[in-house]
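Descriptive analysis of the structure
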Amino acid sequence: MRTLPIAAALAALVFVVAPRPVPAAAPAADGAALFARCAACHTATGKGVPGAYPPLGTDFRKLAAKPQGRRYLALVVSKGVMGALTVEGKPYRGVMPALTALDAAGVAAVLNHVGTRIATSGPAFKPFNAAEIEAARASGVSLTAADVAKLHATVGGG
Ligand code: HEC
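Here's what I pulled together on the structure shown here. All figures in this text were calculated on a predicted structure; none of them were measured in a lab. (Residues numbered from 1 in each chain as written. Predicted model: local features only at pLDDT ≥ 70, side-chain atom pairs only at ≥ 80, totals over all residues. Heavy atoms only, no water.)

Tracing the backbone shows H113 in helix α5 (residues 104-118). Judged by relative accessible area, H113 falls into the buried class, the value being 16%. Residues within four places of H113 in sequence aside, it is in contact with G31, A32, F35 and I118. (Helix = DSSP H or I, 4+ residues; strand = E, 2+ residues; numbered from the N terminus. Buried < 20%, exposed > 50% of the residue type's maximum accessible area, 1.4 Å probe, protein only. Contact = heavy atoms within 4.5 Å.)

The structure is reproduced here in structure tokens:
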């Protein structure tokens with residue numbers, strides 16, 4: 001029987017090339033694609049809606065230039081934010097839900113997209129990596145979205 005080994009070889013080949021399930025947010029997370037979720041509220045340009053959705057601009061880059069501000073940004077996406085904030089001189093008192101579907105690599109990718117393509121004014125932007133997001137999350141497990149809002153002013157947001 002010569003066909004059996006061939007069939008077995010074909011089966012093995014199919015096993016090798018068959019697509020495998022990809023985890024929800026693979027390491028090569030696409031920040032530009034993920035930003036579509038943010039754009040639903042903050043708008044595609046990140047200018048936001050005064051009084052409702054804050055801009056992702058100078059305040060973002062100022063926060064991203066400081067260790068505690070970077071922790072805050074990681075927590076905003078991971079835990080959500082709810083409460084009074086003043087961003088670029090305008091008051092907000094809204095609710096941003098936590099984007100719990102994003103893993104650390106996804107949060108890093110979307111923050112990097114914002115820091116390089118959306119928020120283009122302010123201090124130089126240093127990219128996030130997944131390890132930094134993991135550390136921020138670990139340090140903030142007990143924080144609520146309301147606690148995250150209170151962090152804003154203390155880490156130099158405004
Ligand atoms: C459902 C609407 C909604 C979505 C989706 C959303 N946000 Fe928000 N975001 C808000 C609101 C509302 C606030 C202000 C909350 C408040 O007033 O406490 C906010 C605040 C923020 C802040 C704080 C701004 C500052 O200068 O301190 C950042 C950063 C932010 N969002 C980033 C993101 C990113 C990145 C995404 C996508 C991964 C995202 N948001 C998705 C509604 C949203």
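Continuing now.
Our next topic: the layout of surface pockets. The computed volume of the largest pocket comes to approximately 560 Å³. Taken together, 31 residues line the largest pocket, and the ones lying closest to its centre are H42, P54, L56, V76 and M96. Elements with a contribution of two residues or more to the lining of the largest pocket: α2 (31-42), α3 (58-64), α4 (67-79), β1 (81-87), β2 (90-96) and α5. For the lining of the largest pocket, the leading source of residues is β2, giving 5 residues. Tallied by class, residues from the lining of the largest pocket come to 24 nonpolar, 4 polar and 3 charged. Taken as a whole, the second largest pocket encloses approximately 150 Å³ of empty space. (1 Å grid on protein atoms, 1.4 Å probe; cavity = no way out; pocket = protein on both sides within 12 Å on 5 of 7 lines; lining within 4 Å. Points joined across faces, edges and corners; volume = space filled by probe spheres on them. Nonpolar A, V, L, I, M, F, W, Y, C, P; charged D, E, K, R; others polar.)

So, on to the pairing of β2. With 7 bridges connecting them, β1 and β2 associate as antiparallel partners. Bridged to V87 within β2 is K90. In this structure, the hairpin formed by β1 and β2 is closed by a connection of 2 residues, where E88 is found at a positive phi of approximately 50 degrees. (Pairing = 2+ DSSP bridges.)

Quick look at the coordination of the iron atom of the ligand now. Within the first shell, the iron atom of the ligand binds the protein through H42 (NE2) and M96 (SD), at distances of 2.0 to 2.1 Å. Each of the 6 donor atoms bound to the iron atom of the ligand contributes to angles spanning 88 to 179 degrees, and the resulting shape is octahedral. With a gap of 54 residues between them, H42 in helix α2 and M96 in strand β2 connect regions that are remote in the sequence. (Donors = N, O, S within 2.8 Å, 3.2 Å for Na, K, Ca; no water. Tetrahedral: all angles 85-135°; square planar, octahedral: opposite > 155°, others 65-115°.)

Right, let's get into the pattern of salt bridges. Under the defined criterion, the tally for this structure stands at 1 salt bridge. R70 is the partner of E132 in a salt bridge, and the nearest nitrogen-oxygen pair spans 2.7 Å. In this pair, E132 is assigned in helix α6 (residues 130-139) and R70 in helix α4, connecting sequence segments 62 residues apart. (Salt bridge = Lys/Arg side-chain N within 4 Å of Asp/Glu carboxyl O.)

C38, C41, H42, D59 and M96 are the nearest of the 29 residues found near the ligand. Between an oxygen atom of the ligand and a side-chain N or O atom of H152, the distance comes to 3.1 Å. In a pocket analysis with a 2 Å cut-off to the grid points, the ligand is assigned to the largest pocket. At the level of secondary structure, the elements contributing two or more residues to the shell around the ligand comprise α2, α3, α4, β1 and β2. Among the residues forming the shell around the ligand, the class breakdown is 22 nonpolar, 4 polar and 3 charged. (Near = heavy atom within 4 Å. Polar contact = N/O pair within 3.5 Å; in protein donor to acceptor, adjacent residues only side chain to side chain. Sits in = over half its atoms within 2 Å of the grid points.)

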